[in-house]
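What follows is the residue order along each chain.
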Amino acid sequence: MKIGILTSGGDCPGLNAVIRGAVRKGVRLFGDEFVGIRDGWRGLLEGDLHPLTTHDVRGISGRGGTILGTSRTHPYSGGGPDAMRQVMKDNGIDGVIAIGGEGTLAGAARLADDEGLPVVGVPKTIDNDLGSTDYTFGFDTAAAIATRSIDALRTTAESHHRCMVVEVMGRHVGWIALHAGMAAGAQAILLPEFPVTMERVVEWVESARDRGRAPIVVVAEGFVPVGVDAEEGVAAIAADGRPRFGGIGDYVAAEVERMTGIETRATILGHLQRGGVPTAYDRVLATRLGLAAVDLIHDASWGYMTSLSGTDIIRVPMADAVESLKAVPKERWDELEALLG
Ligand SMILES: Nc1ncnc2c1ncn2[C@@H]1O[C@H](COP(=O)(O)OP(=O)(O)OP(=O)(O)O)[C@@H](O)[C@H]1O
Ligand SMILES: O=P(O)(O)OC[C@H]1O[C@](O)(CO)[C@@H](O)[C@@H]1O
Ligand SMILES: [Mg+2]
């Protein structure tokens, strides 16, 4: 078969491992031919394609980013499904593996289920907010980078008796904040799912300070304190109307300093969390998802994606996976009670 692969949405450590896993399995076990589709749906709409051989994917599983490029191009823009159908026909493409987050997979589900296009999916996102899969690759790497960064901030904070506010990614959910905050022993962890007042944050900060600790506050970019305008956390609105986060850390730091008198500094980790080499866990998960995606294509399981269930790789309908975001559950928040402050 001739198989196209694209990566769409924000990049994510592990994307190259998916591509390598799929190409190696397809070529070696099935004699497939692969085509790289440049920059997500844009490449499929415009026919921006290139051959993808086992030579092209040699040694890439440890490399961050995506060798195919990515974009947030909407699949229904610029000719939409009809243009894609024509490009696939002209190039003899029998099926497409779309690797992306909830937006990309919602598009892929529509293309497969409503338009009859031969598309399967592989879930990715550092935010870990996709349903129907236990974890997404990229999350472990992002949480590890955030943890190391908090560890580093702690030593300088302790030396200067300062409070440090660390803003991590997570526009809708707080998985990175939860895991990095817990791993690094933060005294306050602020998640979009469980808003608290600034007074509560100050209680945690002061209790840590009173024990002689340099308080560490980890805040997910999408967190909004109770009673505060939601716009405070948004740095800008992008041309496509998508809010650019990156600002709530500065707000929280200024408020903590004002309310406690403790010198407080903010660090926004931003895209550092999405760059660099994937962890071993993410490489293995991404590789396994890529291997399994080739089976979806050969089984003509259009509209399905590969997914992690426990330690097994299974297949699930993409439409189910994107129905609702996977938020941090209440039990995980309750569990934190003994650790905060
Ligand atoms: N319901 C939808 N139907 C079709 N296309 C969609 C839909 N939702 C989003 N898209 C398109 O998919 C693109 C990618 O989605 P998005 O920007 O949310 O990235 P993603 O794949 O979710 O990855 P991430 O959010 O983790 O960076 C969007 O920019 C948009 O063009
Ligand atoms: O790089 P961009 O397009 O600004 O996207 C940033 C967003 O992408 C993510 O990394 C993944 O969805 C979010 O955590 C973050 O808000
Ligand atoms: Mg998204």
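Notes on the structure follow. Keep in mind that this is a model prediction, so the values were computed, not measured. (Residues numbered from 1 in each chain as written. Chains lettered and ligands numbered in written order. Predicted model: local features only at pLDDT ≥ 70, side-chain atom pairs only at ≥ 80, totals over all residues. Heavy atoms only, no water.)

**Side note on the site of ligand 1**
Lining the immediate surroundings of ligand 1 are 18 residues, of which G10, R72, E102, G103 and T104 lie closest. Here an oxygen atom of ligand 1 and a backbone polar atom of R72 are 2.8 Å apart. With six residues, helix α4 (residues 102–113) is the single largest residue contributor to the shell around ligand 1. Split into classes, the residues belonging to the shell around ligand 1 amount to two nonpolar, 11 polar and five charged. (Near = heavy atom within 4 Å. Polar contact = N/O pair within 3.5 Å; in protein donor to acceptor, adjacent residues only side chain to side chain. Helix = DSSP H or I, 4+ residues; strand = E, 2+ residues; numbered from the N terminus. Nonpolar A, V, L, I, M, F, W, Y, C, P; charged D, E, K, R; others polar.)

**Overview of the nonpolar core**
The biggest cluster of nonpolar side chains holds 78 residues, and the ones touching the most others in it are I5, I97, I99, F137, L190, V217 and V252. Both domains that meet at this core, namely domain 1 (1–135 + 277–321) and domain 2 (138–273), each give it at least three residues. Residues within four places of I97 in sequence aside, it is in contact with I3, G4, I5, L6, A22, V120, V122, A293 and I297. By size, the runner-up hydrophobic cluster in this structure holds 25 residues, among which are W41, V96, L105 and A321. (Core = buried A, V, L, I, M, F, W, Y, C linked by side-chain atoms within 4.5 Å. Buried < 20%, exposed > 50% of the residue type's maximum accessible area, 1.4 Å probe, protein only. Domains from an automatic or database assignment. Contact = heavy atoms within 4.5 Å.)

**Notes on the sheet that holds strand β7 (residues 188–190)**
Strand order in the open sheet formed by four strands is β7-β8-β6-β11, with parallel pairing between adjacent strands. Each having just a single partner strand, β7 and β11 (264–268) make up the two edges of the open sheet. On average, each strand axis in the sheet is tilted by 15 degrees relative to the strand beside it, whichever way the strands run. Of the pairings in the sheet, the one linking β7 to strand β8 (residues 216–220) comprises three bridges and is parallel in character. Across the sheet, residue I189 finds its bridge partner in β8, namely V218. Sheet strands in contact with helix α7 (residues 198–210) are β6 (163–168), β7 and β8, and its direction is about 155 degrees off that of β7. (Pairing = 2+ DSSP bridges. Axes fitted to C-alpha atoms, helices over the stretch in contact; angles between N-to-C directions.)

**Focus on the pairing of strand β4 (residues 95–100)**
Within a regular strand, side chains alternate between the sheet's two faces. Taken across its six residues, β4 has six buried, putting it largely inside the fold. Here β4 shows a buried face lined by G95, I97 and I99 and a second buried face lined by V96, A98 and G100. Relative to β4, strand β1 (residues 2–7) runs parallel, the two sharing five bridges. Paired with I5 across the strands is I97, a residue of β4.

**Comments concerning the packing of aromatic side chains**
Summed over the entire model, instances satisfying the criterion amount to three aromatic pairs. Seen in terms of ring centroids, Y135 and F139 are 5.9 Å apart; in terms of plane orientation they differ by 15 degrees. Their pairing is stacked. Given the relative accessible area of 28%, Y135 is considered partly exposed. Between Y135 and Y281, the ring centres sit 6.5 Å apart and the planes meet at 85 degrees, which makes this aromatic pair edge-to-face. Residue Y135 is located in the loop between β5 (119–123) and α5 (139–160), and its partner Y281 is located in helix α9 (residues 280–298); the two are separated by 146 residues in the primary sequence. When its relative accessible area of 39% is taken as the criterion, Y281 is described as partly exposed. For R110, the ring lying beneath its charged end belongs to Y76, and the centroid distance is 4.2 Å. Lying over the aromatic face of W175, K326 brings its terminal NZ or CZ to 6.0 Å of the ring centre. (Phe/Tyr/Trp six-rings, centres within 6.5 Å; stacked < 30°, edge-to-face > 60°. Lys NZ or Arg CZ within 6 Å of the ring centre and 35° of its normal.)

**A word on the pairing of β5**
A large share of β5 lies buried, amounting to five of its five residues. Burial of β5 is two-sided: the residues V119, G121 and P123 facing one way and the residues V120 and V122 facing the other way are all buried. Bridging between β4 and β5 involves five bridges; their strand directions are parallel. Bridging across to β5, I99 finds its partner in V122. Handedness of the crossover is the feature at issue here: the chain leaves β4, passes through α4, returns alongside β5, and the resulting connection is right-handed. (Right-handed = clockwise from strand over helix to strand, strands pointing away.)

**Digging into the site of ligand 2**
Taken together, the residues surrounding ligand 2 are R72, I126, D127, M169, G170, R171, E221, R242, H271 and R274. R72 is positioned such that a nitrogen or oxygen atom in its side chain is 2.8 Å from an oxygen atom of ligand 2. Here ligand 2 has 400 Å² of accessible area as a free molecule, and 82% of this is covered by the chains. Classifying every residue of the shell around ligand 2 gives two nonpolar, two polar and six charged. Two domains share the shell around ligand 2, each providing at least three of its residues, namely domain 1 (1–135 + 277–321) and domain 2 (138–273). (Areas by Shrake-Rupley, 256 points an atom, 1.4 Å probe, with all protein chains shown as cover.)

**Points about the packing of α7 against helix α8 (residues 248–260)**
Between α7 and α8, whose axes approach to 10 Å, the crossing angle comes to 65 degrees. By the angle between their directions, the pair α7 and α8 is classed as roughly perpendicular. The chirality of how α7 crosses α8 is right-handed. On α8, the residues touching M198, E199, V201, V202, V205, E206 and R209 of α7 are Y251, V252, E255, V256, M259 and T260. (Parallel < 35°, antiparallel > 145°, perpendicular 65-115°, else oblique. Left-handed = near helix turned anticlockwise from the far one by under 90°.)

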